[in-house]
Amino acid sequence: MRDRARVTPALLRGLLVLLVVALTLGVCPLTAQPAVDGKVLVYQCVATACVLIFLVGSWLENESYCAPCALFWLAAAFAGLNFAAVLVAVNVGHSLTEFSKWAALFLLFLVAAWSYRTPKQFRVFLWGVAAAMVVAAGSGLLEWVGIQPLGWLKAGKDGVGVSRVLGSAEAVSRGLLPACILSASLALRRGCRWALPIPVVLVVYGAVAGSWTAGVGLIAACVCAGVSLTARRRGMQPGVTVALVLVCVAVIGGAGMGAAWKLGARGDTAAPESRWVDSVSGAARMVADKPLLGRGPGGYVIDRPLYWSARDKERFAVSRALVRHVGSEPLEIAVDAGLAACAIYVAFLGLALAMAARMSLDRGDGERRWLGLTLVAFFGAAFVDGLLGAGLRAPVSAYLLFVVAGVLCGVRGLDSENPAIQAAPRALWRLLAACAALAIPLLATRMFLARCELAAGRTAMQTEDYEAAQKRFAAAADRVPHSWDAQYELGMAYLKAGLPEEALSPLERAIENNPNHVEALFALARAQFNVATKARGKKSEAFLDDALSYAQRAADLHAELPESHDLMACLLYTSPSPRDRTRSRMPSSA
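Description of the structure in this document.

Quick look at the packing of aromatic side chains
- This model, assessed by the stated rule, comprises 18 aromatic pairs.
- Taking 6.4 Å as the distance between ring centres and 15° as the angle between the ring planes, the aromatic pair formed by Phe106 and Phe109 counts as stacked. Placement of the pair is Phe106 and Phe109 together in helix α4 (residues 92-115), with a separation of three residues, close to one helical turn.
- You can call Phe106 buried: its relative accessible area is 15%.
- Its relative accessible area of 0% is what places Phe109 among the buried residues.
- Arranged with centres 6.0 Å apart and planes meeting at 25°, the rings of Phe348 and Phe402 form a pair that is stacked. With Phe348 in helix α14 (residues 339-359) and Phe402 in helix α16 (residues 395-412), this pair connects stretches of sequence that are 54 residues apart.
- The buried category is assigned to Phe348, whose relative accessible area is 5%.
- Ring pairing ties together the aromatic residues Phe72, Trp73, Phe78, Trp102, Phe106, Phe109, Tyr345, Phe348 and Phe402, which thus form one cluster.
- Lying over the aromatic face of Trp370, Arg189 brings its terminal NZ or CZ to 4.7 Å of the ring centre.

This is the structure we're talking about:
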């Protein structure tokens, strides 16, 4: 094996450790969703920086990047299918922004595969994960008992400032499962038993946060590690061990999904299990309608109202909250990029699990055997947790999955002969890779700044400062023209300020970006109606006809909303019958 004790790999490993600490502790500006938006921006920017450092450093050190094992090709195929799905999406801009997250994770996978070569190097990364997560979980437990350890950290006047360490209990719990497994692996090593309280604290916090999917994942991790240990002690063949591990994961995952389905099918509307059942059943119907390339990354939230169940409509009528992700990661991938992408994702996890199981049987190298056991538990838990939740949509767990997969590739060893990559001119492919990588933070920064503007605008709306809100929402819409949230909020700011004419354009663009946005459809119908009350003659009739059309579209999606009946009644009373255009109009404000 070539000596890799050089500056560039060590620098990249240090950046990866710092990044996992930053993501776990939530070191980012505070937006409406502090646990997601800022962290996504952080890992996308660091991924680009890591790639640029790799390209320059490997060139100066005369290092070529050869493709890793088959995991590389599966990850590349997964990214390629997601990009192809972008091209057929309803909202290409939105899907491209969502795809940039997958692209950044793929780059982090490549960087980890090139930087890590020994289990000892990986132990430093594990210590970073354990230290950061125990601080976050410990802070969460203190807040749970009523102590505010970081109460002096406050947001700015516009909702933009330094975030709390945790962000939210749910956000921490998404990264809790992998951190618990990795820290337990460290604590069980000789000489590190003093670290046993770390996984204990994480398990306690998981119980407090109520993350039941993490509990099922921990069961899968323990079973997979136990099977691997038993197989090594009994001298089983690698193929048999891999088959047993995969069967155990499939059985535990299937049992978890079956139990969740049984509980959710008879649970009340507000129960988490019922939301899980409704999201999974709706996603299955969405996949059946578009099985090839799906609806584009992030397309689930756009088309979801077309597949609402009665309980979904009831929840929306009460809280106006949309479920933005499917309760099962493979299903959401199938919705976004088709069944082929879903199959590749499952194969990616299955192959990683098989590679780790084989490594755990290594009789000649205790360090590799320890790493194999750690990764068997890690990928087994990730597989099961993905079936029961949307772990890849949480920045910490998504980052850990792709980086650890890259470490597995790097420690296992590279394929030294790969003419497809080595034949390309060194300077050319580095230049192309740098240009592609730089596009990622550009998209991420615009989206993040737009989120900050939206948060500030919503704060202004709460104080009824509609003029300030309009400026904020307009700035957000300028940064991300494909965002329906920014356009809708801008239209509502105009409507509440008594300016229905100005509200028409942004609300129309919101519906262009998301044709199934129920609230935007209702808002546009109201705006058209209010404009009609000020107009005269045929112009008023045109506005009323348009208002009736948009109100009907909204009612088709969700006829149970109270304002649906109110608005339709106003429009039908005011509009003339198609059979009698001479009937007088009696407009009244909606």
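So, the nonpolar core
- Leu71, Leu108, Phe109, Phe122, Phe125, Phe379 and Tyr399 are the most contacted members of the largest nonpolar core, which has 124 residues in total.
- Element by element, the count of residues in this core is highest for α4, at 14 residues.
- Those residues in contact with Leu108 that sit more than four places away from it in its chain are Leu16, Leu19, Tyr43, Ala47, Tyr399 and Val403.
- By size, the runner-up hydrophobic cluster in this structure holds 48 residues, among which are Leu504, Leu507, Leu544 and Leu557.

What to know about the pattern of salt bridges
- All chains considered together, the criterion is met by 14 salt bridges.
- A salt bridge links Arg393 to Asp336, with the nearest nitrogen and oxygen atoms 3.9 Å apart. Within this pair, whereas Arg393 is found in the loop between α15 (366-388) and α16, its partner Asp336 is found in helix α13 (residues 329-337), the two being separated by 57 residues in sequence. Like Asp336, Arg393 is buried.
- Several salt bridges converge on common partners, so that one network encompasses Asp278, Arg304, Arg311, Asp312 and Arg315.

Some remarks on the layout of surface pockets
- Taken as a whole, the second largest pocket holds about 770 Å³ of empty space.
- Forming the boundary of the second largest pocket are 27 residues, of which Phe106, Leu107, Leu110, Ala433 and Ala436 lie nearest the centre.
- Elements supplying a minimum of two residues to the lining of the second largest pocket: α2 (37-60), α3 (70-87), α4 and α18 (426-462).
- Per-element accounting of the lining of the second largest pocket gives the leading share, nine residues, to α4.
- Grouping the constituent residues of the lining of the second largest pocket by class yields 25 nonpolar, two polar and no charged.

Considerations on the side chain of Ser183
- With respect to the helices, strands and loops of the structure, Ser183 is situated in helix α6 (residues 169-187).
- You can call Ser183 buried: its relative accessible area is 3%.
- Engagement of the side chain of Ser183 in a polar contact is seen with the backbone oxygen of Cys180, the distance being 3.1 Å.
- Contact partners of Ser183, with chain neighbours within four places excluded, come to Ala130, Ile198, Pro199 and Leu202.

Quick word on the environment of Ala220
- By secondary structure assignment, the location of Ala220 is in helix α8 (residues 212-234).
- On the basis of relative accessible area, Ala220 is assigned to the buried category, the value being 0%.
- Spatially, the C-alpha atoms of Ala220 and Asp385 are 9.0 Å apart, while their sequence positions differ by 165 residues.
- When residues no more than four places from it in sequence are discounted, the contact partners of Ala220 are Ile252, Gly380, Ala381 and Val384.

Some remarks on the side chain of Arg189
- Tracing the backbone through its elements, the reader meets Arg189 in the loop between α6 and α7 (197-209).
- At a separation of 3.0 Å, a polar atom in the side chain of Arg189 contacts the side chain of Glu367.
- The contact partners of Arg189, leaving out residues within four places of it in the chain, are Arg123, Glu367 and Trp370.

Rules and cut-offs
Residues numbered from 1 in each chain as written. Predicted model: local features only at pLDDT ≥ 70, side-chain atom pairs only at ≥ 80, totals over all residues. Heavy atoms only, no water. Phe/Tyr/Trp six-rings, centres within 6.5 Å; stacked < 30°, edge-to-face > 60°. Helix = DSSP H or I, 4+ residues; strand = E, 2+ residues; numbered from the N terminus. Buried < 20%, exposed > 50% of the residue type's maximum accessible area, 1.4 Å probe, protein only. Lys NZ or Arg CZ within 6 Å of the ring centre and 35° of its normal. Core = buried A, V, L, I, M, F, W, Y, C linked by side-chain atoms within 4.5 Å. Contact = heavy atoms within 4.5 Å. Salt bridge = Lys/Arg side-chain N within 4 Å of Asp/Glu carboxyl O. 1 Å grid on protein atoms, 1.4 Å probe; cavity = no way out; pocket = protein on both sides within 12 Å on 5 of 7 lines; lining within 4 Å. Points joined across faces, edges and corners; volume = space filled by probe spheres on them. Nonpolar A, V, L, I, M, F, W, Y, C, P; charged D, E, K, R; others polar. Polar contact = N/O pair within 3.5 Å; in protein donor to acceptor, adjacent residues only side chain to side chain.

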